[in-house]
Amino acid sequence: MSGPRGVTVEVDQLLLVLVSGVASGAIYGLMGLGLVIIYRATDVVNFAITSLATLGLYVAITFRDDGVAMVVSVIAAIAVTALAGVIVREAVIRPLGQGQLFSALVVTMGVSLIAESVVNSVWGTQPRTFPSLVNGTVRWGDAALPAQSLLTIGIAAVAMAAVAFLFSRTTLGSAMRAVAESADTAKIIGINAQRVARIAWALGLALAALAACLYAPRSGLAPTVLAAPLFRAFAGIFLGGLTSMYGAVIGGLTVGVLENIAASYVSASFRDTFVFSFTVLVLLIRPQGLFGTRTFQRV
Amino acid sequence: MVFTRSNLAKASLGPVVGLVLIALMHSAAIPAYQAYSVALAAVYAIVVLSVGLLAGWSGVWSVGHPAFFAVGAYFAAYGSGHQWPLELAILGAVASSGLLGAFLGYAGARFSVLYIALLTLAFSLVSLEVINRWTSVTGGDQGVVVSQLDSALGLGSIPSGGSEAQYLAVLAAGVVFAIAVFAKSTALRMRLVAAKAHPLVARSVGIAPEAQTALSFAVSAAFTGFAGVLLGLITGFVSPDTFSLNLGVTIIAACVFGGVGSVVGAVVGGVYLAWAPTVADAVSVPQPVVQGVLLITVLIFLPGGVVPFVGALSRRSLRMRGPRVVDGEHHVSAAPADSGDGASAAPATDRPATADRAPLLVVDGLSVRFGGLNALEGASLAVRPGEVLAIIGPNGAGKTTLVNVVSGLIGGARISGAVDYAGAKLTGTRATARRRLGIGRTFQHAEIFSELTVVENVLCTRRRVSVADRTQADELLARTGLADVADRYPAELPFGLQKRLDLARAMAEEPKLLIMDEPFGGLDATERRLTAQQIVRLRAQGTAVVIIDHVLDDLFAVADRVVAFDFGKPIGSGDPGAILQDPQVRSSYLGSIATRAELPARGDDTVAIAVRDVGHHYGGVAALHGVDLDIGKGAVIGVVGANGAGKSTLGRIIHGSLRPSSGQVRVGEHYGRPFRGSLVPEGRALFKTLSLRENLEVAGYAAGIRGSDLRARLDETAEWLPERLRGRLSVAAAGLSGGEQQILAVARALMARPDVLILDEPALGLAPALVDEVYARINQLARDGMTIVLLEQLLSRALTSCHQVVVLHEGRVAARGEASDPSFAESAELAYFGGEAASLLNTRDVSELEA
């Protein structure tokens, strides 16, 4: 590892780790964004977001097995997941009423158990592969970067830009931010909070399904495969601040990069220890997260 | 910890049931394959109890308990491999779990519930990684065998997987439950629950929440570690799969299922955990589906869990013959269980001579700033022992800020000036310490601890509860007429009794200074009389009492001296009978505006909105009674009243965003469609993070306008805004001054093109020049033909800017008339201060209360 040649190899290696870290981070960021959108609009921490996305993944792979184009299958996955989300919200979250932060969280845990079990019994627990949208590598200098990682980063960036556009440039987005800031005032001026809630759930789950379709090619497909990225997305949104959409993305990216660095340079077995210790340390210094506002609630 | 007969009996139930189960297992009445499940249920029940009581008492939800469970199990495995005695394995497990738990509790105490969940989740994930790597002790994912543990104390040898291990688990669970039952009656638990339910109020009774989280987390973790040792012993094999995150989720499910914070609920939860797989098999549905469906069903239909639900059912049926529980309206049977001395409370003429005693509380030049807002500016006053000082003043005068400074419940403010109590400086003393100095406090909305019974609410002010304390508490409850409901939960009581409890809690340690925030608000005449009696009695005992309230006649009947506040400082003081004669005090309530605004002539007598016999109550608190009001098209109607008179409630009912509890609101029609109302809420309620344009846009969106129509409407409304706002449409609303925010709030309401505009105290918190500007704009709208309902605190302003004025007093229409009628002004003034009562103020004496 000495001499100029060794340094180049190390730099290439670092570049690879960073690209793969940003790609993972983009996935966590998308999931986190979905969680934050739902949380801001309805005060629900949606633990079922990835279980429902898993359902979408299996729908996609079924379509794909029937010979449907991969892009169409992914769109189907997103649509099915979003629809499932709206159904869950109408059927089991809405009856709970407003402000049931903890009950709602536990209900989504129940939904998650059921969704995973349904996937188990319909499609079985046998791991399968999930096809990439693209294959091969892209050469950049001496490094060969996986095309799927670059595509992941690209798609996630487009999706995030679309969300940013929705929230900052459209009236619907303003209405969603209004509900997030004060549900009471939104009600007084006549915003239909239920409609906003449904849109938020559909959007949040669509983002999670997209993230899942980008994650699955690397991990393969099994009923609980999305548990790990969900926990890292949680770490990301806590890091970024539970109520901040920018925070969710930046937190997710930080977690993704840290995790890949830890896996490559520290120990692959302690990647979560590394990520979570970092998150907890940051929170001890800044309890509201990097971008969050200080509104604490004890249940 | 108090050993009373009832909790001894309850506690002994645990070990007794344990022994019975052991006997049944031993005699094979419970077959061997079931005996294992029983033991497993016992172990799980300990874990569920640890997690559930931590959540129920401290409000801390942990998903990290599988890690403590694992610590215990691996201690059993390691101990059995290294010939440790049983006791050492248990000690090691309990000590290390306890230490880890204390650390987590300490680190997590400053976080909200979701963050603690993440912290414990992280802890779980990290321990799983450690378990998988530390193969020399844990065997990695291959697992490790537990053979047997011998007792050093001569309890024999416990081979793993055998009956002895099962008996041990069942008996241990019984003992743990007995401990939990005793813990339930300790002051520690009451203080934990109090701190969880209402951290701020808990400080006012001397409880500091932070330190207790670490302690309770440590104890909970230690018990789970102990359960882990038992698990190792009964299964004989330990592998990481057992302690997955799924277990953490399932334990929480079991807690919620049985009932959080309930000891019996934990048993139900443990049984559910141990048998859920069997049940799922029996109905041939996958186990997670059974769990998920059960969980969702319980949360939606029995939000408190199974056991509390059954408990409440049985309590209700037991109480059918008991005293009637009044829900909704708060009519209390006239005779409270007064213990005699109430009737002989010191008559007013025998007031202790207070003038010669040194003041107990002296406030000198006190100023409080919140950001750019001056809540108090150089306020000074003094109270002597045995004196009742009333503080009055309009909304926003700084009254609540003042009492919060004295009770130490103020944060994020810059405070200057001196507050001396009993000759020593009070500023800088922690809120929790002020209780010990003898400062008690009651709250406007009776902030009592809803998860504690009535008697526990009074007891939790003490660190340890002795038998004498209980007797004293019982006496206090008898004195305040709460003895009959001592073991009930506050939510089952009408609001009047809740306020009595709030007062009883404040009086529990016989404070030298009692601060009361609106003690009469929301009470009916009987309750108000009882409250007044309590205050008179406290004064007779030499307590200094400071009261702020808007119910002036009751207040003046008990007060020795009245200080009137406005704009953050005293503007006058004097005898209750004389204070309202002070012109400055008068005008702080009524205003002093002389010039009438030019109003449009009214020709059309179409009624836009008709309110008929409308009443409303929030929970048990009545806000409006039998209000009738016709809002004619093109009219400007003023609804005037002091704070709490029911203005905002009426406004929201007229607007249609609040459904009245009784009566009806008829909305007329014109141009073939109903009249549209828009509300400008009190305090503006803008979306502060949204820009000016977005605030308007969102209102248009809410009114169902889209696309180019919305843009056109936006441009039109922007034209209405003053020039200095029109140029700043993309600035966030938080950056506007108060007056600008008010104008924007009106513009936002105009986006829906309303026919009727309802304005809730548009002048609140604005400087006089800005008030004039806002009112000029409102007047312009009226002249352009808008129908306006103006909810106002200042009578004179309503009289000068409205066609008609309605005066509300305690939720009733006390006067109504044409604003231009000069004779109406006087009757409206009387009505404002309390109708007939106000005219009697000069002649009225406290002795009337005692009659």
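Residues numbered from 1 in each chain as written. Chains lettered and ligands numbered in written order. Predicted model: local features only at pLDDT ≥ 70, side-chain atom pairs only at ≥ 80, totals over all residues.

A.B. asks: Give a description of the overall build of chain B that names residues and reports values.
C.D. replies: Assigned secondary structure in chain B consists of 32 helices and 25 strands. Projected onto its principal axes, the C-alpha coordinates of chain B cover approximately 100 × 75 × 55 Å. The proportion of buried residues among the 851 residues of chain B is 53%. Contacts spanning at least 24 positions in sequence make up 75% of the contacts within chain B whose residues lie at least 6 apart. (Helix = DSSP H or I, 4+ residues; strand = E, 2+ residues; numbered from the N terminus. Buried ≥ 20, exposed ≤ 12 C-beta atoms within 10 Å, placed from the backbone. Contact = placed C-beta atoms within 7 Å.)

A.B. asks: I'd like a description of the overall build of chain A, backed by residues and values.
C.D. replies: Tallying secondary structure elements over chain A gives 11 helices and 2 strands in all. In chain A, the succession of helices and strands from N to C terminus is α-α-α-α-β-β-α-α-α-α-α-α-α. Seen through its C-alpha atoms, chain A measures out along the principal axes to roughly 70 × 50 × 35 Å. The 299 residues of chain A split such that 53% are buried. For chain A, long-range pairs separated by at least 24 residues make up 72% of all intrachain contacts whose partners lie at least 6 apart in sequence.

A.B. asks: Outline the sheet that holds strand β21 (residues 677-680) of chain B, supporting the account with residue identities and numerical values.
C.D. replies: Residues and elements named next belong to chain B. Reading across from one edge, β21-β22-β23-β17-β24-β25 is the order of the 6 strands in this open sheet, with mixed pairing throughout. Each of the sheet's edge strands pairs with one partner strand only, and the pair in question is β21 and β25 (812-818). The mean inter-strand angle of the sheet, taken between neighbouring strand axes irrespective of direction, is 15 degrees. In the sheet, strand β17 (residues 636-640) pairs with strand β23 (residues 787-792) via 5 bridges, with the strands oriented parallel. Its bridge partner being in β23, Val636 is matched across the sheet by Ile788. (Pairing = 2+ DSSP bridges. Axes fitted to C-alpha atoms, helices over the stretch in contact; angles between N-to-C directions.)

A.B. asks: Can you break down the sheet that holds strand β13 (residues 561-566) of chain B residue by residue, with the values?
C.D. replies: Pairing between the strands of a sheet is mediated by backbone hydrogen bonds and can be parallel or antiparallel. Residue and element names in this part refer to chain B. Pairing is mixed in the open sheet, where 6 strands are placed in the order β10-β11-β12-β7-β13-β14. The open sheet has two edge strands, β10 (439-442) and β14 (569-574), and neither has a second partner. Averaged over neighbouring strand pairs, the angle between their axes works out to 20 degrees when direction is ignored. Along the sheet, helix α15 (residues 399-407) makes contact with β7 (388-392), β10, β11 (513-517), β12 (544-548) and β13, crossing β11 at roughly 145 degrees. Of the strands in this sheet, β7, β11 and β12 touch helix α20 (residues 525-540), which is tilted by about 150 degrees from β12.

A.B. asks: Describe the interface of chain B and chain A, with residues and values.
C.D. replies: For interface size, the figure often reported is the accessible area lost on association. Across the boundary between the two partners, chain B contributes 51 residues, which contact 48 residues of chain A. Among the secondary structure elements, those contributing two or more residues to the side of chain B that touches chain A are α5 (113-133), α11 (245-258), α13 (287-301) and α24 (692-702) of chain B. Per-element tally for the side of chain B that touches chain A: the top contributor is α5 of chain B, with 12 residues. Of the residues assigned to the side of chain B that touches chain A, the class counts are 36 nonpolar, 7 polar and 8 charged. (Nonpolar A, V, L, I, M, F, W, Y, C, P; charged D, E, K, R; others polar.)

A.B. asks: So what about the nonpolar core? Which residues, and what values?
C.D. replies: In terms of nonpolar packing, the biggest core is built from 385 residues, with Leu57 and Leu205 of chain A together with Val43, Val48, Ala169 and Leu230 of chain B touching the most fellow members. Top contributing element to this core by residue count: helix α2 (residues 32-58) of chain B, with 19 residues. Excluding residues that lie within four positions of it along the chain, Leu230 of chain B makes contacts with Val43, Leu168, Ala169 and Ala172 of chain B. (Core = buried A, V, L, I, M, F, W, Y, C linked by C-beta atoms within 7 Å.)

A.B. asks: So what about the packing of α11 of chain B against α13 of chain B? Which residues, and what values?
C.D. replies: Residues and elements named next belong to chain B. Interaxial distance between α11 and α13 falls to 10 Å at its minimum, and their mutual angle equals 40 degrees. By the angle between their axes, α11 is oblique relative to α13. The element α11 and its partner α13 pack so that their crossing is left-handed. Facing α11, whose interface residues are Thr250, Ala253, Val256 and Phe257, α13 presents Gln291, Leu294, Leu295, Val298 and Leu299. Broken down by class, the residue content of the contact of α11 with α13 amounts to 7 nonpolar, 2 polar and no charged. (Parallel < 35°, antiparallel > 145°, perpendicular 65-115°, else oblique. Left-handed = near helix turned anticlockwise from the far one by under 90°.)

A.B. asks: Describe the domain arrangement of chain B, and please don't skip the residues or the numbers.
C.D. replies: Considered domain by domain, chain B is made up of domain 1 (5-315), domain 2 (352-590) and domain 3 (607-685 + 745-840). Of note, the centres of domain 1 of chain B and domain 3 of chain B, computed from C-alpha atoms alone, are 58 Å apart. (Domains from an automatic or database assignment.)

A.B. asks: Got a sec to walk through the pairing of strand β1 (residues 137-140) of chain A? Specific residues and values, please.
C.D. replies: Note that β1 of chain A and strand β2 (residues 143-146) of chain A share 4 bridges and pair antiparallel. When the sheet's bridge partners are listed, Thr137 of chain A is paired in β2 of chain A with Pro146 of chain A.

A.B. asks: So, the confidence of the model for chain A: which residues are in play, and what are the values?
C.D. replies: Residue and element names in this part refer to chain A. Taken over all residues, the pLDDT of chain A has a mean of 88, while the share at 70 or more is 96%. Between the elements of chain A, mean pLDDT differs from a low of 82, seen in β1, to a high of 95, seen in helix α3 (residues 70-93). Contacts for the low-pLDDT stretch residues 295-299, under 50 throughout, to residues beyond four places or in other chains number 12 contacts. (pLDDT = per-residue confidence, 0-100.)

A.B. asks: Tell me about the packing of helix α5 (residues 147-169) of chain A against helix α6 (residues 171-181) of chain A, and name the residues and values.
C.D. replies: All names here are of chain A. In the contact formed by α5 and α6, the axes pass within 5 Å of each other and the chain directions differ by 80 degrees. Relative to α6, α5 is oriented roughly perpendicular. Here Leu166, Phe167, Ser168 and Arg169 of α5 come into contact with α6, specifically with Leu172, Gly173, Met176 and Arg177. Across the contact of α5 with α6, the residue classes break down as 4 nonpolar, 2 polar and 2 charged.

A.B. asks: Tell me what's going on with the environment of Ala578 of chain B, and back it up with residues and numbers.
C.D. replies: Residue and element names in this part refer to chain B. For Ala578, the position within the fold is in the loop between β14 and α22 (583-590). Note on Ala578: 14 C-beta atoms within 10 Å, which makes it partly exposed. Sequence separation of Ala578 and Val562 is 16 residues, and the distance between their C-alpha atoms is 9.2 Å.

A.B. asks: Talk me through α22 of chain B; I want residue IDs and the actual numbers.
C.D. replies: Residue and element names in this part refer to chain B. Those residues of α22 that sit buried are Val585, Ser588, Tyr589 and Leu590. Check the buried side of α22 and you find it contacts β13, β14, α29 (795-801) and α30 (822-832). Gly591 occupies a position one or two residues after α22 and carries a positive phi of about 85 degrees.

A.B. asks: Quick rundown of the environment of Phe257 of chain B? Include the residues and the values.
C.D. replies: Residues and elements named next belong to chain B. Here Phe257 lies in helix α11. The exposure class of Phe257 is buried, given the 29 C-beta atoms found within 10 Å. Sequence separation of Phe257 and Gly304 is 47 residues, and the distance between their C-alpha atoms is 8.3 Å. Apart from the residues lying within four places of it in its own chain, the contact partners of Phe257 are Val268, Gly269, Tyr272, Leu294, Leu295, Val298, Gly305 and Val306.

A.B. asks: Can you explain unusual backbone geometry? Please cite residues and give values.
C.D. replies: Even without a glycine there, the phi angle at Ala422 of chain B is positive, about 50 degrees. Checked against the element boundaries, Ala422 of chain B lands in the loop between β8 (414-421) and β9 (424-425).

A.B. asks: Break down the environment of Arg189 of chain B for me, citing the residues and quoting the values.
C.D. replies: Looking at the secondary structure, you find Arg189 of chain B in helix α8 (residues 187-197). Take Arg189 of chain B: there are 24 C-beta atoms within 10 Å of it, and that puts it in the buried class.

A.B. asks: Quick one: what's the story with the confidence of the model for chain B, residue by residue and with numbers?
C.D. replies: Residues and elements named next belong to chain B. Summarising the model, chain B shows a mean pLDDT of 83, and 91% of its residues fall at 70 or more. Scored below 50 in pLDDT, residues 321-352 makes 48 contacts in the model with residues more than four places away or belonging to other chains. Across residues 835-851, where pLDDT falls below 50, the model places 27 contacts with residues more than four positions away in sequence or in other chains. For this predicted complex, the interface score ipTM comes out at 0.85, alongside a pTM of 0.80.

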